[in-house]
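Residues per chain, in single letters:
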Amino acid sequence: MKTFFRGAAATAVAAVAFAAMPAMAQTAGDPNANQADADARAEILAGLTLTNVAGSSLDFGSIVVLGAGTVSVPSDGSAISCPAAAAVCSGTTDVAEFEVSGSDGKAVSITLPDASAATDELQFDDGVTVHSIDITEFETNAKLDSTTQVVDGFGLPVFDPITGDPIWVQYDGVLLAGGTATFPVGGSIALVAGQEPGLYEHTFTVEVNYN
């Protein structure tokens, strides 16, 4: 019934338009009477370049392991999270800093490594055995709003209780103000009781793309 009604309405409109037109709608000899123009466009973006800011790395400092526990270095610069029952943390900690350059004013999304992958772990080789510490999370406080609105448990859109504005789902990303932006990456590691002493290291990869 719905499809038939829409078809009938379209036919009626066409009939009215036809009745209102002169008998000769297209002037003889006018080759442009049945033509129309449209614009075509293409925006060329500068290629993105991502570099690790010199001297910066994700550094969990020096740790005396007392038992199993998680140690975290937040990307927002706040203090390291070191559970007293599991570890004694000291020394200098740091986050890894990255700089991305590209087209001015464009939003760029950040893809961090999947910490659940078996390959993302700190390792120490004592010449006999390769010891490891699991990296349980990579995170960044660089966030941008998406075009998707936050919904509640019932699937209803969520609004700011004070301003009444929609609340948007955020994603890891930066805005290229002046063509460049920097962002930090922090993370967490899971210690186990009896962790072998040594210097544990790992190289991880971050990716950026225009959003």
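That block above? That's the structure.
All values reported here derive from a predicted model rather than from experimental measurement. (Residues numbered from 1 in each chain as written. Predicted model: local features only at pLDDT ≥ 70, side-chain atom pairs only at ≥ 80, totals over all residues. Heavy atoms only, no water.)

Tell me about the state of the cysteines, residues and numbers included.
What the rule picks out here adds up to one disulfide. Sulfur-sulfur distance for the disulfide between Cys-82 and Cys-89 comes to 2.0 Å. Around the S-S axis, the bridge from Cys-82 to Cys-89 shows a dihedral of about 85° and counts as right-handed. (Disulfide = S-S within 2.5 Å.)

Describe the sheet that holds strand β12 (residues 207-210), with residues and values.
Reading across from one edge, β9-β10-β6-β12 is the order of the four strands in this open sheet, with antiparallel pairing throughout. With one partner strand each, in any of the chains shown, β9 (143-149) and β12 form the two edges of the open sheet. When strand polarity is set aside, the average angle formed by the axes of neighbouring strands in this sheet is 50°. (Pairing = 2+ DSSP bridges. Helix = DSSP H or I, 4+ residues; strand = E, 2+ residues; numbered from the N terminus. Axes fitted to C-alpha atoms, helices over the stretch in contact; angles between N-to-C directions.)

Residue-level account of the environment of Ser-101, with values.
On the secondary structure map, Ser-101 appears in strand β5 (residues 96-101). Separated by 76 residues in the primary sequence, Ser-101 and Ala-177 place their C-alpha atoms 9.4 Å from one another. Sequence-distant contacts of Ser-101, that is, excluding residues within four places in its chain, are made with Gly-47, Leu-48, Thr-49, Leu-176, Gly-179 and Thr-180. (Contact = heavy atoms within 4.5 Å.)

So, the environment of Ala-54: which residues are in play, and what are the values?
Secondary-structure assignment places Ala-54 in the loop between β1 (49-52) and β2 (62-65). Owing to a relative accessible area of 76%, Ala-54 belongs among the exposed residues under this scheme. Remark: the alpha-carbon pair of Ala-54 and Ala-96, spanning 42 residues in sequence, is separated by 9.5 Å. (Buried < 20%, exposed > 50% of the residue type's maximum accessible area, 1.4 Å probe, protein only.)

Quick one: what's the story with the side chain of Gln-195, residue by residue and with numbers?
The residue Gln-195 is located in the loop between β11 (180-191) and β12 in this model. According to the relative accessible area criterion, Gln-195 is buried, its value standing at 14%. Looking at Gln-195, its side chain comes within polar contact range of the main-chain oxygen of Ser-132, at 3.0 Å. At 3.5 Å, the side chain of Gln-195 forms a polar contact with the side chain of Tyr-200. (Polar contact = N/O pair within 3.5 Å; in protein donor to acceptor, adjacent residues only side chain to side chain.)

Give a description of the pattern of salt bridges that names residues and reports values.
All told, the structure shown has two salt bridges when counted by the stated rule. Its salt-bridge partner being Asp-172, residue Lys-143 comes within 2.4 Å of it at the nearest N-O pair. Separated by 29 residues along the polypeptide, Lys-143 in strand β9 and Asp-172 in strand β10 (residues 168-175) bring together distant segments of the chain. Exposure remark for Lys-143: the relative accessible area of 39% places this residue in the partly exposed category. (Salt bridge = Lys/Arg side-chain N within 4 Å of Asp/Glu carboxyl O.)

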